[in-house]
Amino acid sequence: MNPSGPVPMLSLVIAVYQRPLVLELVLASLLDQTHRDFEVVIADDGSGPEIARMVETWQGRLGQPLRHVWQEDQGFRKTIIANRAVAASTGAYLVFIDGDCIPHHRFLERHWARRRPGQALSGRRLFLDEALTTRLSIKDVTQRRIEWPGLWWNHVPPHDRRNGFCIPLAYGLRGAGSRRYEILGSNFSLPREVFLEVNGYDERIQGRGMEDINLKARLLNAGVEIRSV
């Protein structure tokens, strides 16, 4: 797909299924990204019409190209819709998140600045607890109220604090330190040609849990280094 106008440097692929109000918070977070040369492709794995209406509402508000790629709901088929979303994108660099992940305002900037030819970048996530999640608003997101470390720390279940994780919305790149660089569909990036070189996600994998592990293995087998963002 080649829309009119200049081709963006970066394509952000957002995997979604239902939960339109959460997706709205994610889209709101993109208004304040410090890296501005990007497009957004919604990879919709069979949601109802509410997601389509939400995307339509944000077409004029986002200020960046926004596309909605949909497939019929036949169970968890993220591998297929993610590949279709990449095919509909135009950017030379691909960043992947999930539809319940609210990016830090420098999220795209950091992925773009740390990119390297022939390499993939691995990020992590923080979860916010249910009480905080249910009262988040667009104003909270656009005014960066969820980016203060004390906010999320105070909403982490005690048994998870040692890992730096919270529930259930993720944002940004401030995950627990690790030397094990995984591919997490909620936060990774790589050059377009690298994704195409390994033929994207393996569409034979349907059902949750193995798609990212499989992609990581094929990237490593192709000689692609996976670095922490």
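Because the structure is predicted, anything quoted here is derived from the model rather than measured. (Residues numbered from 1 in each chain as written. Predicted model: local features only at pLDDT ≥ 70, side-chain atom pairs only at ≥ 80, totals over all residues. Heavy atoms only, no water.)

*Asks:* Hey, could you run me through the overall build of the protein in this one?
*Replies:* Each helix and strand counted, the protein has nine helices and seven strands in total. In the protein, which comprises 229 residues, the proportion classed as buried is 54%. Residue pairs in contact within the protein that sit at least 24 positions apart in sequence constitute 81% of those at least 6 positions apart. For the protein, the exposed area adds up to about 10700 Å²; of that, 51% sits on carbon and sulfur atoms. (Helix = DSSP H or I, 4+ residues; strand = E, 2+ residues; numbered from the N terminus. Buried < 20%, exposed > 50% of the residue type's maximum accessible area, 1.4 Å probe, protein only. Contact = heavy atoms within 4.5 Å. Areas by Shrake-Rupley, 256 points an atom, 1.4 Å probe, with all protein chains shown as cover.)

*Asks:* Would you mind showing me how to read the packing of helix α1 (residues 20–29) against helix α2 (residues 49–58) here?
*Replies:* When two helices pack together, their arrangement is given by the angle between the helix axes and the distance between those axes. Where α1 meets α2, the axes come as close as 9 Å, and the angle between the chain directions of the two elements is 25°. When the axis of α1 is compared with that of α2, the two are roughly parallel. Viewed along their axes, α1 and α2 form a crossing whose handedness is right-handed. Between α1 and α2, the contacting residues are Pro20, Leu21, Leu23, Glu24, Leu27 and Ala28 on the first element and Glu50, Ile51, Met54, Val55 and Trp58 on the second. Split by residue class, the contact of α1 with α2 holds nine nonpolar, no polar and two charged. (Axes fitted to C-alpha atoms, helices over the stretch in contact; angles between N-to-C directions. Parallel < 35°, antiparallel > 145°, perpendicular 65-115°, else oblique. Left-handed = near helix turned anticlockwise from the far one by under 90°. Nonpolar A, V, L, I, M, F, W, Y, C, P; charged D, E, K, R; others polar.)

*Asks:* Can you help me understand the packing of aromatic side chains in this one?
*Replies:* Aromatic ring pairs are reported here in terms of the distance separating the ring centres and the angle at which the planes meet. Taken as a whole and assessed by the stated rule, the structure comprises five aromatic pairs. Taking 4.5 Å as the distance between ring centres and 5° as the angle between the ring planes, the aromatic pair formed by Phe96 and Phe188 counts as stacked. One end of the pair, Phe96, is in strand β4 (residues 93–98); the other, Phe188, is in strand β6 (residues 188–191), with 92 residues separating them in the sequence. The two residues Phe96 and Phe188 agree in class, both being buried. Between Phe195 and Tyr201, the ring centres sit 6.1 Å apart and the planes meet at 75°, which makes this aromatic pair edge-to-face. Accessibility expressed as a relative area gives 2% for Phe195, which makes it buried. Residue class for Tyr201 comes out buried when judged on its relative accessible area of 2%. (Phe/Tyr/Trp six-rings, centres within 6.5 Å; stacked < 30°, edge-to-face > 60°.)

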